[in-house]
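The primary structure of each chain is shown beneath.
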Amino acid sequence: GGAAVERHHRRRQKCWPEYCDDGNKLRPWEIKDLVAELDANWPTLSCKGGKSFEFWSYEWKKHGTCSGMGQHGYFAAALELKKRHDLAAVLAGAGIVPSDDESYSLGSIRDAIAAATGAVPNLECNRDAAGETQLFQVYQCVDRSGKKLVDCQLPMQGKCRDKVKLPTF
């Protein structure tokens, strides 16, 4: 019974929709005019070697199909939001820069992003090769129009500690 309760609890915690239309596959021609910009601004960092379209397809299938937008509109909105909020510059302005030695407080990272964008992000961490906690992803929550950032309601601090590294890449 415990495993079933745990599964139910984990499922209930999700407060956003996922995989809304599995039959709606990303079509390359829909985003062909965005590919160069997507390659520069939203590439896959986990698997080098031209796997970006597979990554975008996954993002579309998991999140985009729930957005109420068309394929082109979804990716264009993501690129526009990234252009409006340069998180690397925001963090650098707060003295938070990639470093192999320095650690930063999770709160200072979250506060710097919230102050600059007007919305509280979620942060997710993982471990580096030495087992130290590092910032892995910044989640920004967006309203249904795809134009306005909103406060993220559900903290996603998986594997985060109070002090994290911002790895050089």
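What you see is a predicted model, and the numbers here were worked out from it, not measured in a lab. (Residues numbered from 1 in each chain as written. Predicted model: local features only at pLDDT ≥ 70, side-chain atom pairs only at ≥ 80, totals over all residues. Heavy atoms only, no water.)

*Asks:* Honestly, the pattern of salt bridges in this entry has me stumped. Any pointers?
*Replies:* When their charged atoms lie close together, side chains carrying opposite charge are able to pair. Counted according to the given criterion, the structure contains six salt bridges. With a closest N to O distance of 4.0 Å, Glu54 and Lys51 form a salt bridge. Residues Glu80 and Lys83 are paired through a salt bridge, measuring 3.9 Å at the closest nitrogen-oxygen approach. One end of the pair is Glu80 and the other is Lys83, both in helix α4 (residues 71-84) and three residues apart, which spans about a single turn. For Glu80, a relative accessible area of 38% corresponds to the partly exposed category. Look at Lys83 and you get exposed, because its relative accessible area is 56%. Members of the salt-bridge network, linked through shared partners, are Glu37, Glu80 and Lys83. (Salt bridge = Lys/Arg side-chain N within 4 Å of Asp/Glu carboxyl O. Helix = DSSP H or I, 4+ residues; strand = E, 2+ residues; numbered from the N terminus. Buried < 20%, exposed > 50% of the residue type's maximum accessible area, 1.4 Å probe, protein only.)

*Asks:* Mind showing me how you'd approach the pairing of strand β2 (residues 122-127) here?
*Replies:* For a regular strand, the rule is simple: side chains alternate between the two faces of the sheet. In this structure, β2 lies alongside strand β3 (residues 133-139), joined through six bridges in antiparallel fashion. The residue of β3 that forms the bridge with Arg127 is Thr133. Where β2 hands over to β3, the hairpin turn is made up of five residues, of which Gly131 adopts a positive phi near 85°. (Pairing = 2+ DSSP bridges.)

*Asks:* Help me understand α4, please; the structure alone is not making it clear to me.
*Replies:* Each turn of an α-helix holds 3.6 residues, which means side chains three or four residues apart point in the same direction. Given a rise of 1.5 Å per residue, 14 residues ought to cover 20 Å, and the 20 Å separating the end C-alpha atoms of α4 matches this to within 8%. Residues of α4 that are buried include every one of Gln71, Tyr74, Phe75, Ala77, Leu79 and Leu81, and no others. Its buried side turned inward, α4 meets α2 (35-41), α3 (52-62), β4 (141-142) and β5 (149-150). (Expected span 1.5 Å × (residues − 1). Contact = heavy atoms within 4.5 Å.)

*Asks:* In this structure, what is going on with the side chain of Ser99? I would like to understand it.
*Replies:* Within the fold, Ser99 resides in the loop between α5 (87-93) and β1 (103-105). Not counting residues within four places of it along the chain, the set of residues in contact with Ser99 comprises Tyr104, Leu166, Pro167 and Thr168.

*Asks:* Can you walk me through helix α6 (residues 106-117) in this structure?
*Replies:* Taking 1.5 Å per residue, 12 residues should reach 16 Å; α6 reaches 17 Å between its end C-alpha atoms and fits that length. For α6, the complete set of buried residues consists of Leu106, Ile109, Arg110, Ala112, Ile113 and Thr117. For α6, the buried positions fall inside an angular range of 160° around the axis, keeping them on one side. In α6, the exposed positions that point more than 90 degrees away from the buried face belong to Asp111 and Ala115. Where the residues of α6 are buried, they touch α5, β1, β2, β3, β5 and β6 (163-165). With its phi angle positive at about 80°, Gly118 sits one or two positions after the end of α6. (Arc of directions from axis to C-beta.)

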